[in-house]
Amino acid sequence: FQLLKKMNFNFKTIQMYRNPFDVVFSAHKRGWGTRHLKDPRNFSLSIKCKNFLTPWYVSDFQKEWLDMNPVERCVANILRTTNLSILNHKANKNNKKILTVFYENFVENTHREISRICLFLKTKKTKFTKGALVKEKCPKLVDKKQQEEKKKFVQSNVSKKLYEKLENLTENYKKNFYNLDI
């Protein structure tokens, strides 16, 4: 964000946050616990370590990250990137170029959130908006039972230490959206 500001681009960014357990489960389901290791097309700056690729944001604990199982890597990735996002967000609070959206609000109150996004971007819904929402089944209720199942899956596949860190992050998210004052 700071780099874009320095380059004096005319830009806006939408920052979306989601329940961390859901993000970890989704990342694992998509193979991100192993994909970083060999796939140079992983859409992230990578650093080589022991003939493997690691995401840039684990550069200070690459060897430990490589020793983790795929679910633990996803947890480590989400912990690091979410905490970096929170720090960056707080450093740029009250910035008119950032719109914060919370996934659960978006899927449950879709039309209100789309109106906010349209207002922020100074645009309107298009003829494709309705079709995209139908495809994604929005609006919809967040399935609390499914969230609990994801949480149990993560808990059974990661170290106690990583699980506790993710649990703390999730509690902070649920309680007050990371204290972002939005």
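Details of the structure are given in the entry above.
Parameters and conventions
Counting restarts for each chain, with residues numbered from 1 along the sequence as it is written. pLDDT decides what is reported in this predicted model: residues at 70 or higher carry local features, side-chain atom pairs at 80 or more are listed and counted, and totals for whole chains, interfaces and linings draw on all residues regardless. Calculated side-chain values reflect all of the structure's heavy atoms, with hydrogen atoms and water omitted. Numbered from the N terminus, helices here are DSSP runs of H or I no shorter than four residues, and strands are runs of E no shorter than two. Any helix carries an expected span of 1.5 Å times its number of residues minus one. Only protein chains enter the area calculation, which uses a 1.4 Å probe; residues under 20% of their type maximum are buried, those over 50% are exposed, and those in between are partly exposed. The arc refers to the directions leading from the helix axis to the C-beta atoms. For this analysis, residues touch if any pair of their heavy atoms sits within 4.5 Å. In this description, a line fitted to the C-alpha atoms serves as the axis of each element, helices being fitted only across the stretch in contact, and the angle between N-to-C directions of two axes falls anywhere from 0 to 180 degrees. For classification, angles of less than 35 degrees are called roughly parallel, those exceeding 145 degrees roughly antiparallel, those between 65 and 115 degrees roughly perpendicular, and all remaining angles oblique. As a working rule, the residues Ala, Val, Leu, Ile, Met, Phe, Trp, Tyr, Cys and Pro are called nonpolar, Asp, Glu, Lys and Arg charged, and the rest polar, with Gly in that last group. Side-chain atoms alone can form a polar contact between residues adjacent in sequence; in general such a contact is a pair of N or O atoms within 3.5 Å, and within protein one must be able to donate a hydrogen while the other accepts it. Patches were defined on residues exceeding 30% relative accessible area and lacking a salt bridge, with like-charge contacts within 9 Å and nonpolar side-chain contacts (Val, Leu, Ile, Met, Phe, Trp, Tyr) within 5 Å. Reported accessibility uses the Shrake-Rupley method at a 1.4 Å probe radius. Residues are deemed covered only where the shown protein chains occlude them. Salt bridges are defined by distance alone: a side-chain nitrogen of Lys or Arg within 4 Å of a carboxyl oxygen of Asp or Glu. Grouping buried Ala, Val, Leu, Ile, Met, Phe, Trp, Tyr and Cys residues that are joined through side-chain atoms within 4.5 Å yields what is termed a nonpolar core. Ring pairs shown here join Phe, Tyr and Trp side chains whose ring centres sit within 6.5 Å, with only the six-membered ring taken for Trp; geometry is labelled stacked below 30 degrees between planes, edge-to-face above 60, and tilted in between.

*Asks:* Just to check I follow, could you spell out helix 10 (residues 160-176) for this structure?
*Replies:* With 17 residues, helix 10 should cover 24 Å at 1.5 Å per step; its first-to-last C-alpha distance of 24 Å lies within 8% of that length. The set of residues buried in helix 10 consists of Leu162, Tyr163, Leu166, Glu167, Leu169, Thr170 and Tyr173. Buried residues along helix 10 cover an arc of 165° about the axis, so they all sit on one side. Looking at helix 10, the residues exposed on the side facing more than 90 degrees away from the buried face are Lys160, Lys161, Asn168 and Lys175. On the buried face of helix 10, the contacting elements are strand 1 (13-17), helix 2 (20-29), helix 5 (70-91), strand 4 (98-102), helix 6 (103-108) and helix 9 (144-155). Two residues or fewer after helix 10 comes Phe177, characterised by a positive phi angle close to 50°.

*Asks:* Help me out: how do you make sense of the packing of helix 2 against helix 10 in this one?
*Replies:* Relative orientation and spacing of two packed helices are given, respectively, by the angle between their axes and the distance between those axes. Two elements in contact, helix 2 and helix 10, have axes separated by 8 Å at closest approach and are oriented at 130°. In this view, helix 2 runs oblique relative to helix 10, as classed from their interaxial angle. Residue-level contacts link Pro20, Phe21 and Val24 of helix 2 to Tyr163, Leu166, Glu167, Leu169, Thr170 and Tyr173 of helix 10. Along the lines of polarity and charge, the residues of the contact of helix 2 with helix 10 split into seven nonpolar, one polar and one charged.

*Asks:* Can you walk me through helix 5 in this structure?
*Replies:* Given 3.6 residues to a turn, an α-helix orients residues that are three or four positions apart in the same direction. End to end, helix 5 covers 32 Å across 22 residues, agreeing with the expected 32 Å (1.5 Å per residue, within 8%). Turning to helix 5, its buried residues are Val71, Glu72, Arg73, Cys74, Val75, Ala76, Asn77, Ile78, Leu79, Thr82, Ile86 and His89. The backbone nitrogen of Val71 has a side-chain oxygen 2.9 Å away, supplied by the residue at the start of helix 5, namely Asn69.

*Asks:* Before we go on, may I ask you to explain a nonpolar patch on the surface in this structure?
*Replies:* A grouping of Leu45, Ile47, Trp56, Leu84 and Leu87 is seen on the molecular surface, where their side chains present a nonpolar patch of about 490 Å² in accessible area. The topology assignment puts Leu84 in helix 5.

*Asks:* Hey, could you run me through the nonpolar core in this one?
*Replies:* A general trend in soluble globular proteins is that nonpolar side chains are found buried together. Counting 30 residues, the largest nonpolar core has Trp65 and Val75 as the members making the most contacts within it. The set of elements that each furnish at least two residues to this core consists of helix 2, helix 3 (32-38), helix 4 (62-67), helix 5 and helix 10. With seven residues, the top contributor of residues to this core is helix 5. The contact partners of Val75, leaving out residues within four places of it in the chain, are Val24, Val154, Val158, Leu162 and Leu166.

*Asks:* Can you help me understand the packing of aromatic side chains in this one?
*Replies:* For any pair of aromatic rings, geometry is given as the distance between the ring centres together with the angle between the planes. Evaluation of the coordinates by the stated rule reveals nine aromatic pairs. Between Tyr17 and Tyr178 the ring centres are 5.6 Å apart and the planes differ by 70°, which places this aromatic pair in the edge-to-face class. Of this pair, Tyr17 sits in strand 1 while Tyr178 sits in the segment after helix 10, placing them 161 residues apart in sequence. For the pair shown, Tyr17 and Tyr178 are each scored as buried.

*Asks:* Would you explain the pattern of salt bridges in this entry?
*Replies:* Side-chain pairs of opposite charge can arise whenever the charged atoms involved come near each other. By the definition in use, this model includes five salt bridges. For Arg80, the salt bridge identified is with Asp60, shortest N-O distance 2.9 Å. Taken together, the residues span a long stretch of sequence, with Arg80 in helix 5 and Asp60 in the loop between strand 3 (52-55) and helix 4 at a distance of 20 residues. Between Glu113 and Arg116 there is a salt bridge, with the nearest N and O atoms lying 2.6 Å from each other. Placement of the pair is Glu113 and Arg116 together in helix 7 (residues 110-121), with a separation of three residues, close to one helical turn. Accessibility expressed as a relative area gives 3% for Glu113, which makes it buried. Residue Arg116 is classed as partly exposed on the basis of its relative accessible area, which comes to 30%.

*Asks:* Looking at this structure, how should I read the environment of Lys140?
*Replies:* Among the structural elements, Lys140 can be located in the loop between helix 8 (129-135) and helix 9. Taking C-alpha positions, Lys140 is 9.3 Å from Glu104, a pair spaced 36 residues apart along the chain. Setting aside its immediate chain neighbours within four residues, Lys140 contacts Tyr103, Val107 and Glu108. A polar contact of 3.3 Å, which involves the side chain of Lys140, links it to the backbone oxygen of Glu136.

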